[in-house]
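Analysis of the macromolecular model
Below are the chains, spelled out letter by letter.
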Amino acid sequence: MSSESSKKRKPKVIRTDGAAPEGKRGKGDGDQDLRYYSEECEVDLRDPIKDYELYRETCQELQRLMAEIQELKSRGIKDNAAEIDERRVQSCVHFMTLKKLNRLAHIRLKKGRDQTHEAKQKVDAYHLQLQNLLYEVMHLQKEITKCLEFKSKHEEIELVSLEEFYQEAPPEISRPAITLSEPHQQTLARLDWELEQRKRLAEKYKECLTSKEKILKEIEVKKEYLSSLQPRLNSIMQASLPVQEYLFMPFDQAHKQYETARHLPPPLYVLFVQASAYGQACDKKLVVAIEGNVEEAKALYKPPEDSQDDESDSDAEEEQTTKRRRPTLGVQLDDKRKEMLKRHPLSVTVDLKCKDDNVLHLTFYYLMNLNVMTVKAKVTTAVEMTTAISAGDLLSPDSLLNCLYPGDHGRKTPNPANQFQFDKVGILTLSDYVTELGHPYVWVQKLGGLHFPKDQPQHTVTADNTLSASHMELTVKLLRSRLQSRLALHKQFASLEHGVVPVSSECQHLFPTKIVSRLVKWTAIPYEDYAELPYTKDVIEAGLAEDTHLYYMALIERGTAKLQAAVVLNPGYSTLPPIFSLCLNWKGERTGSNDDNIRAMESEVNVNYKELWGPKPGHQLLTNQLQRLCMVLDVYLETEPHDTSVEGPKEFPQEKMCLRLVRGPLRLKPFKFNYPQGFFSHR
């Protein structure tokens, strides 16, 4: 049925209003033109919106026909075949309509693209014309700018003002009648006047050159005269040296020192100037001098232009050495540390002389990269002193100047910025290098005019003369007092090691005529041994014993009784008194913790030390304390009650006269000696 129905189909053509049917053809030529069919022409005549509506209606009809065909087939009745064929024919017609609409849509799309392309070509042509015009405008603007910015040579010449020109220039050059109305002629006239003036100045310049040559010749003659005069002056100075020495007026030596001082760094220069001024004005026994290599100091301040050749040679040598051997990281760090801790080639020495001709030599150095000063100390005695084993640390350069001011140990750098510099080169602390470099005490920085405030850090610290002058007098007095006290201790220690407690005639009234207890041993001990003693814990906990102090052990005996005295000697002796801690070994071990009288004996030497100061400056305080310790030990032993269980006489018979043997609930003994009555009483 389907094949028969397809044969019976007739072609259907969609007719339009302006075209003839495709299936009919006429015989004439006019009829032939009417029979010609063009879809491209039809596109222009058709409305796209109506085609779209036709497309929607055709699709809906197709859906409806397909649904009906599906329904008829699902019934399965044979009579429905004709209806199905009919609906198929209608569906094919609708498919032909969709194809035609598709062709029309493609033709419209092609025409739209062609029109868009033509419009784009016109826009590109217009844009190219616009770019050409803009380029021509830009070129013209550049040419206009060049013309406007053009500067003539005469504009660089500073011409005189118009008022001066018309006042000074002659009329044949200025021509006021013409130049006032024409700017161009006015400029030419001013240039002519400038040329005339310059010719006159050139003539004056030649005259000045001739006079200059005459003056230079006169200067050369005078220079020759002065150069011949210098050897004569030198011979006169050499001849006057014996006179200067005889009159104690070393002008030549002072002149050389001041010439060398010009190459000192600012802190050392401030120290040199202030110390020299203080020595001349207040202390004739203070001698200041400069030591070191002056040539190296001069080389530090040479400009880099003078040393370019040397640097190029050294760089070439370094390149050769680096090609041969590459330094390790450890070697590089060592070199950086040495460069960081480098001292200035020049140093300042200050010699402090005492009345007994003992001299304290101080050498001040300046660390250039750390911007701090250090000092080294040395003592020279007028008479050779007896060597005492316990006095080894008294005059040691490492401990001689410790705590000259309270808390100034000289182990850490006073400049806070140095710690960041140390971290870069691997230096933990400066105390590892003080033996070689010297101690950076705070008072040394102040003598050099350097101040490093911790609460308000400064970027750059400069040397201040006022700061140095304000600390000079007190520091010199403290240094001289420190030297005298250490020398006095040195002499006393030599006697103490032989069991002799030296007491001067001025202090004899502080003690009775007969003291039986004797000093049998005096030795120096380290801080670690002192800290291990059980009866010194109170002193350490009170903060009165530090590792910068000096420690000694004294042993006093009388019969079977032995009194051990651990002594803490402050570096500021004799301004600060020594501190004694006692332990009596007699019928057991007795200390201040288990015996109130031992505590009272400690008070006699530690609390009432002002009675034992003696004549100023109090250098006999330590020996007087030891002598009083022997005295109170006699009183302690003689006032002890006799043990009746022991046969025989009393071991320590009472020889001291006491008003009362004991007093109070603590049963304290009379340790106070009353002069001139000669008896002992309680305080």
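From a predicted model like this one, the values you see are computed outputs, not experimental measurements.

1. A closer look at the overall build of the protein chain
Secondary structure assignment for the protein chain yields 22 helices and twelve strands. Every one of the 683 residues in the protein chain was classed for burial, and the buried ones make up 35%. Of the contacts made within the protein chain by residues no fewer than 6 positions apart, 65% connect residues no fewer than 24 positions apart. Within the structure as shown, the protein chain displays about 44,600 Å² of accessible surface, and the carbon and sulfur contribution to it stands at 54%.

2. Here we look at the sheet that holds strand E4 (residues 372–380)
Strands sit in the order E1-E2-E3-E4 across an open sheet of four strands; the sheet is antiparallel. Two strands lie at the open edges of the sheet, namely strand E1 (286–292) and E4, each paired on one side alone. Taken over all neighbouring pairs, the strand axes of this sheet differ in orientation by 20° on average, direction set aside. Of the strands in this sheet, E1, strand E2 (346–353), strand E3 (359–367) and E4 are in contact with helix H11 (residues 266–281), which crosses E1 at around 150°. Together, E1, E2, E3 and E4 form the strand contacts of helix H18 (residues 465–496), whose direction differs from that of E2 by roughly 60°.

3. Digging into the packing of helix H4 (residues 48–75) against helix H5 (residues 81–149)
Where H4 meets H5, the axes come as close as 9 Å, and the angle between the chain directions of the two elements is 155°. Considered as vectors, H4 and H5 are oriented roughly antiparallel to each other. Of the two elements, H4 crosses H5, and the hand of that crossing is left-handed. Within the contact of H4 with H5, the residues separate by chemical class into 14 nonpolar, five polar and eight charged.

4. Quick word on the pairing of E2
The element E2 is extensively covered by neighbouring structure, given that seven of its eight residues are classed as buried. Relative to E2, E1 is paired through seven bridges, and the arrangement is antiparallel. Bridging across to E2, glutamate 291 finds its partner in serine 347. Pairing geometry for E2 and E3, over six bridges, is antiparallel. The residue of E3 that forms the bridge with lysine 353 is valine 359. Counting the residues in the hairpin turn of E2 and E3 gives five residues, including aspartate 357, whose phi is positive at 65°.

5. Some remarks on the pattern of salt bridges
Scanning all chains against the criterion turns up 32 salt bridges. Across the pair lysine 100 and glutamate 42 runs a salt bridge, and its minimum N-O distance is 3.2 Å. You can see lysine 100 sitting in helix H5 and its partner glutamate 42 sitting in helix H3 (residues 39–45), a full 58 residues away along the chain. Note on accessibility: lysine 100 and glutamate 42 belong to one class, buried.

6. So, helix H22 (residues 621–638)
Think of an α-helix as 3.6 residues a turn; residues three or four steps apart then line up on the same face. Between its first and last C-alpha, H22 extends 26 Å over 18 residues, near the 26 Å set by a 1.5 Å rise per residue. In terms of burial, H22 is largely enclosed, as 18 of its 18 residues are buried.

7. Here we look at the pairing of strand E8 (residues 579–585)
Sheet faces and side chains relate simply in a regular strand, where the side chains alternate between the two faces. Counting buried residues along E8, six of its seven residues qualify, which places the element largely inside the surrounding structure. One ladder, built from three bridges, connects E8 with strand E9 (residues 589–591); its direction is antiparallel. Looking at the pairing, asparagine 585 lines up with glutamate 589 of E9. Here E8 folds back onto E9, and the loop between the two strands holds three residues, one of which, lysine 587, carries a positive phi near 55°.

8. Digging into the packing of aromatic side chains
Geometry of an aromatic ring pair is reported as the spacing of the ring centres plus the angle between the planes. Scanning the entire structure with this criterion turns up ten aromatic pairs. Relative to tyrosine 552, the ring of tryptophan 522 has its centre 5.2 Å away and its plane inclined at 10°; by these criteria the two rings are stacked. You can see tryptophan 522 sitting in strand E5 (residues 518–524) and its partner tyrosine 552 sitting in strand E6 (residues 550–558), a full 30 residues away along the chain. Judged by relative accessible area, which is 3%, tryptophan 522 ranks as buried. An aromatic cluster is built from Phe493, Trp522 and Tyr552, whose rings are joined through pairwise contacts. Just above the ring of tyrosine 636 sits the side chain of lysine 669; from NZ or CZ to the centre is 5.3 Å.

9. Details of the side chain of threonine 349
Tracing the backbone shows threonine 349 in strand E2. Given a relative accessible area of 8%, threonine 349 falls into the buried group. Beyond its immediate chain neighbours, meaning those up to four positions away, threonine 349 contacts Val287, Val288, Ala289, Glu291, Leu362 and Thr363.

10. What about the nonpolar core?
Across soluble globular proteins, nonpolar side chains show a tendency to be buried alongside one another. Counting residues in hydrophobic clusters, the biggest one holds 50 residues, and the most contacted among them are Phe493, Trp522, Phe580, Met601 and Leu629. If one sorts the elements of this core by residue count, H22 sits on top with eleven residues. Both domains that meet at this core, namely domain 3 (255–300 + 333–484) and domain 4 (500–642 + 650–681), each give it at least three residues. Residues in contact with phenylalanine 493, not counting those within four places in the same chain, are Ala388, Ser390, Ala391, Leu394, Trp522, Tyr552, Leu569 and Leu622.

11. Quick look at the sheet that holds strand E11 (residues 672–674)
In a beta sheet, neighbouring strands are held together by backbone hydrogen bonds and run either parallel or antiparallel to one another. Read from one edge to the other, the open sheet built from three strands follows the order E10-E12-E11, with strand pairing classed as mixed. This sheet does not close on itself; its edge strands, each paired only once, are strand E10 (657–658) and E11. In the sheet, E10 pairs with strand E12 (residues 679–681) via two bridges, with the strands oriented parallel. Pairing of cysteine 658 across the sheet is with phenylalanine 680, part of E12.

12. Overview of a nonpolar patch on the surface
Together, Leu140, Ile144 and Leu148 make up an exposed nonpolar region whose accessible area comes to about 340 Å². In this structure, leucine 140 sits in helix H5. The class for leucine 140 is exposed, based on a relative accessible area of 52%.

13. Some thoughts on the environment of phenylalanine 364
In this fold, phenylalanine 364 is placed in strand E3. Classification of phenylalanine 364 by relative accessible area gives buried; the value is 1%. Ignoring sequence-local partners within four residues, the contact set of phenylalanine 364 consists of Leu268, Leu271, Ser347, Val348, Val350, Met373, Thr374, Val375, Trp443, Val444 and Leu447.

14. Quick look at the side chain of glutamine 186
With respect to the helices and strands, glutamine 186 occurs in helix H9 (residues 183–246). Residue classification places glutamine 186 among the buried residues on the basis of a relative accessible area of 14%. Among the polar contacts made by the side chain of glutamine 186, one reaches the side chain of tyrosine 166 at a distance of 3.0 Å. Residue contacts for glutamine 186: discarding those within four places in its chain leaves Leu162, Tyr166 and Thr179.

15. Thoughts on H18
Here H18 contains 32 residues, and its C-alpha end-to-end distance of 46 Å stays within 8% of the 46 Å for a straight helix at 1.5 Å per residue. At methionine 472, H18 is deflected by roughly 40°, the largest bend along its length. Measuring from the side-chain oxygen of the N-cap residue of H18 to the backbone nitrogen of threonine 466 gives 3.2 Å; that N-cap residue is aspartate 464.

About the cut-offs
The numbering scheme is per chain: residues are counted from 1 as the chain's sequence reads. Predicted model: local features are reported for residues with pLDDT of at least 70 only, side-chain atom pairs are reported and counted for 80 or more only, and whole-chain, interface and lining totals are derived from all residues. Calculated side-chain values reflect all of the structure's heavy atoms, with hydrogen atoms and water omitted. Only DSSP runs of H or I reaching four residues or more are called helices, and only runs of E reaching two or more are called strands; each is numbered from the N terminus. Note on classification: 1.4 Å probe, protein chains only; a residue is buried when its accessible area is under 20% of the maximum for its type, exposed when over 50%, partly exposed between these limits. What makes two residues a contact is simply this: any of their non-hydrogen atoms within 4.5 Å. For the accessible areas, the method is Shrake-Rupley and the probe is 1.4 Å, while residue cover comes only from the protein chains on display. Two strands pair if DSSP finds at least two bridges between them. Comment: axis = line fitted to C-alpha atoms, over the contacting stretch for helices; angle = value between 0 and 180 degrees taken between N-to-C directions. Roughly parallel means an angle under 35 degrees; roughly antiparallel means over 145; roughly perpendicular covers 65 to 115; every other angle is labelled oblique. Put simply, a crossing is left-handed when the front helix is turned counterclockwise from the back one by less than a right angle, and right-handed when it is turned clockwise. Ten residue types, Ala, Val, Leu, Ile, Met, Phe, Trp, Tyr, Cys and Pro, are classed as nonpolar, four, Asp, Glu, Lys and Arg, as charged, and the remainder, Gly among them, as polar. Salt bridge, as used here: a side-chain nitrogen of Lys or Arg that lies within 4 Å of a carboxyl oxygen of Asp or Glu. Here the expected length of a helix is defined as 1.5 Å per residue gap, with one fewer gap than residues. Between 30 and 60 degrees the pair is tilted, below 30 it is stacked and above 60 it is edge-to-face, where a pair is any two Phe, Tyr or Trp rings, Trp via its six-membered ring, whose centres lie within 6.5 Å. Criterion for a charge above a ring: Lys NZ or Arg CZ within 6 Å of the ring centre, and within 35 degrees of the ring normal. Within this scheme, the nonpolar core is defined by two criteria: the residues are buried Ala, Val, Leu, Ile, Met, Phe, Trp, Tyr or Cys, and they are joined through side-chain atoms within 4.5 Å. For the purposes of this description, domain bounds are those given by an automatic or database domain assignment. A patch is a set of surface residues, each over 30% in relative accessible area and not in a salt bridge, joined within 9 Å for like charges and within 5 Å for the nonpolar side chains Val, Leu, Ile, Met, Phe, Trp and Tyr. As used in this structure description, the phrase polar contact means that two N or O atoms lie within 3.5 Å; if the pair is within protein, one of them must be able to donate a hydrogen and the other to accept it, and residues adjacent in sequence are counted only when both atoms belong to side chains. The bend at a residue is defined as the angle formed between two axes, one fitted to the seven residues ending at that residue and one fitted to the seven starting there.

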